[in-house]
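Breakdown of the fold
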Amino acid sequence: MGKPALSTTHDNHAEELTYRRGGFDMRMVVNRSFGLMRIMDYRSGNHDKKRELLDHAAKTQGLRKIFTVVEKQDSANWRAVGFTQEAAYPCFFRTADAYMMSRCYDEHGQPVAIRTLNAASAEAPSFSARKLRKPDGLAIEPIDREADRVELLDGTTPRTLPFSRVKAPDLVLRGSAGRTPAIYACAEVDESFAHANVEFVSPPDTAGQLVVAAYTGQQLLATLKGQDVNNVFAITPIEDKFYNELCAGLGFNVIGRLNRHVQYRGRYADCFLWHLLLNTQRR
């Protein structure tokens, strides 16, 4: 791959690499904790060479999956060199949809086939009929200082953030109630395209945590709506019952399934891609 033009680290969890040489100009966000890398490609063409370079990066960096999010007209070039279209992000580029093009690898860095997972299925989770009662002593507070957002998240590694750049999430709300472990609702906001990627850290794994997460998530979404964010996205392991119930209850819809996208209970797991349209009058 050659020596990157720039390398910055963030708490040993995420790293940003840029590669500029000849006809290449790519920025890459590496999630080291989960072996993911997102590619931002600023020049078209030379896709075979790019694939060779990225395959080499995956092998030397110990990655299990690399992906890029592109407009429809660019997806065919990536498909032609061995990437698979996994999901579509509606209005990701404000008025244009985006397509996730991905490539997975085994533990030896060799490419492996990606299955096409059906997005529309009866398996999609739904919010149960449970009634959520506001917990006694519920406290939801914003974490305003960036240094505090970084510090508070040090011991609770996000699975899917950062998504676009190596920095602390733009918004973090801390929800707590009594002895229930605190829930952090996080959002990385892209103001240029009026969308946000959200994640709950750590996600709920009990009914009590689910209630705290639901109230905290509602406030996070209200804050995003007030900032004129139109589209919100989230990624959750398919087997994570409480996390999926949370997203469904907050009004998200499953729009895609992703192969081996994060680690869950010690192994790489397929995931749901969720979408919520916040401002229905301003798509």
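Residues numbered from 1 in each chain as written. Predicted model: local features only at pLDDT ≥ 70, side-chain atom pairs only at ≥ 80, totals over all residues. Heavy atoms only, no water.

1. Here we look at the layout of surface pockets
The line we're drawing: For each structure, a 1 Å grid was placed over the protein atoms alone; sets of points admitting a 1.4 Å probe that cannot get out are labelled cavities, open sets with protein on both sides within 12 Å along at least five of seven lines are labelled pockets, and lining residues have an atom within 4 Å of a point. Grid points are joined across faces, edges and corners, and a volume is the space filled by probe spheres set on the points. The way it works is that DSSP assigns letters per residue, a run of H or I at least four long becomes a helix, a run of E at least two long becomes a strand, and they are numbered from the N terminus. Just so you know the grouping, Ala, Val, Leu, Ile, Met, Phe, Trp, Tyr, Cys and Pro go in nonpolar, Asp, Glu, Lys and Arg go in charged, and all remaining residues, Gly too, go in polar.
Computed from the structure, the largest pocket encloses a volume of approximately 350 Å³. Met40, Asp41, Val69, Val70 and Phe93 are, among the 22 residues lining the largest pocket, the residues nearest its centre. Looking at the lining of the largest pocket, the elements that each hand over two or more residues are strand S4 (36–41), strand S5 (65–70), helix H2 (72–80) and strand S6 (84–93). In terms of residue class, the lining of the largest pocket is built from nine nonpolar, six polar and seven charged.

2. A closer look at the packing of aromatic side chains
The test is simple: The aromatic pairing rule takes the rings of Phe, Tyr and Trp, using the six-membered ring of Trp, and pairs them if the centres are within 6.5 Å, calling planes under 30 degrees apart stacked, those over 60 edge-to-face and the rest tilted. We count a charge as sitting over a ring when the NZ of a lysine or the CZ of an arginine lies within 6 Å of the ring centre and within 35 degrees of the ring normal.
A full pass over the atoms with the stated rule returns twelve aromatic pairs. A centroid spacing of 6.1 Å and a plane angle of 50° characterise the contact between Tyr19 and Phe24, whose relative ring orientation is tilted. Among the aromatic residues, those joined into a cluster by ring pairs are Phe67, Tyr89, Phe92, Phe93, Phe163, Phe193 and Phe233. In this arrangement the basic side chain of Lys241 is found over the ring face of Phe242, its NZ or CZ atom lying 4.5 Å from the centre.

3. A closer look at the sheet that holds strand S10 (residues 171–177)
Test applied: Each pair of strands is called paired provided DSSP finds at least two bridges between the two strands. Only C-alpha atoms enter the line fits that serve as axes; for helices the fit covers just the stretch in contact. Angles between N-to-C directions range over 0 to 180 degrees. Contacts between residues were defined by any pair of non-hydrogen atoms, one from each residue, lying within 4.5 Å.
Taken in spatial order, the seven strands line up as S9-S10-S11-S12-S13-S15-S14 in an open sheet, and their pairing is mixed. Lying at the two open borders of the sheet, with one neighbouring strand each, are strand S9 (139–142) and strand S14 (253–264). Neighbour-to-neighbour, the strand axes of this sheet turn through a mean angle of 25°, independent of strand direction. Relative to strand S15 (residues 267–277), strand S13 (residues 231–237) runs antiparallel, the two being bridged by seven bridges. Bridge pairing links Phe233 to His275 in S15. Contacts from helix H5 (residues 241–249) reach strand S12 (195–201), S13 and S15, with the element oriented near 160° to S13.

4. With respect to H5
Rules: Here's how the labels work: a residue is buried when its accessible area is under 20% of the maximum for its type, exposed when over 50%, partly exposed in between, all with a 1.4 Å probe on protein chains only.
The buried fraction of H5 amounts to seven of the nine residues, a majority that puts the element mostly inside the structure. For H5, the set of buried residues is Phe242, Tyr243, Asn244, Glu245, Leu246, Cys247 and Ala248. Remark: Gly251 follows H5 within two positions and exhibits a positive phi of approximately 100°.

5. Quick word on the confidence of the model for the protein
Fine structural detail should not be taken from predicted coordinates in areas where pLDDT scores are low. Note the threshold: Summary of the metric used: pLDDT quantifies the predictor's per-residue confidence within the range 0 to 100.
The share of residues in the protein with pLDDT of 70 or more is 89%, and the mean pLDDT across the chain is 88. Low pLDDT (under 50) marks residues 1–10, which in the prediction has 27 contacts with non-local residues, meaning those over four places away or in another chain.

6. Here we look at the environment of Asp25
How we decide: Two N or O atoms count as a polar contact when they lie within 3.5 Å, although within protein this holds only if one can serve as hydrogen donor and the other as acceptor, and sequence-adjacent residues are included solely when both atoms are side-chain atoms.
Here Asp25 shows up in strand S3 (residues 24–31). With a relative accessible area of 15%, Asp25 lands in the buried category. Through-space distance from the C-alpha of Asp25 to that of Arg43 is 6.0 Å; in sequence the pair is 18 residues apart. Other than its neighbours up to four places away in sequence, Asp25 contacts Tyr19, Arg20, Met40, Asp41, Tyr42 and Arg43. Side-chain polar atoms of Asp25 contact the side chain of Arg20, separated by 3.3 Å.

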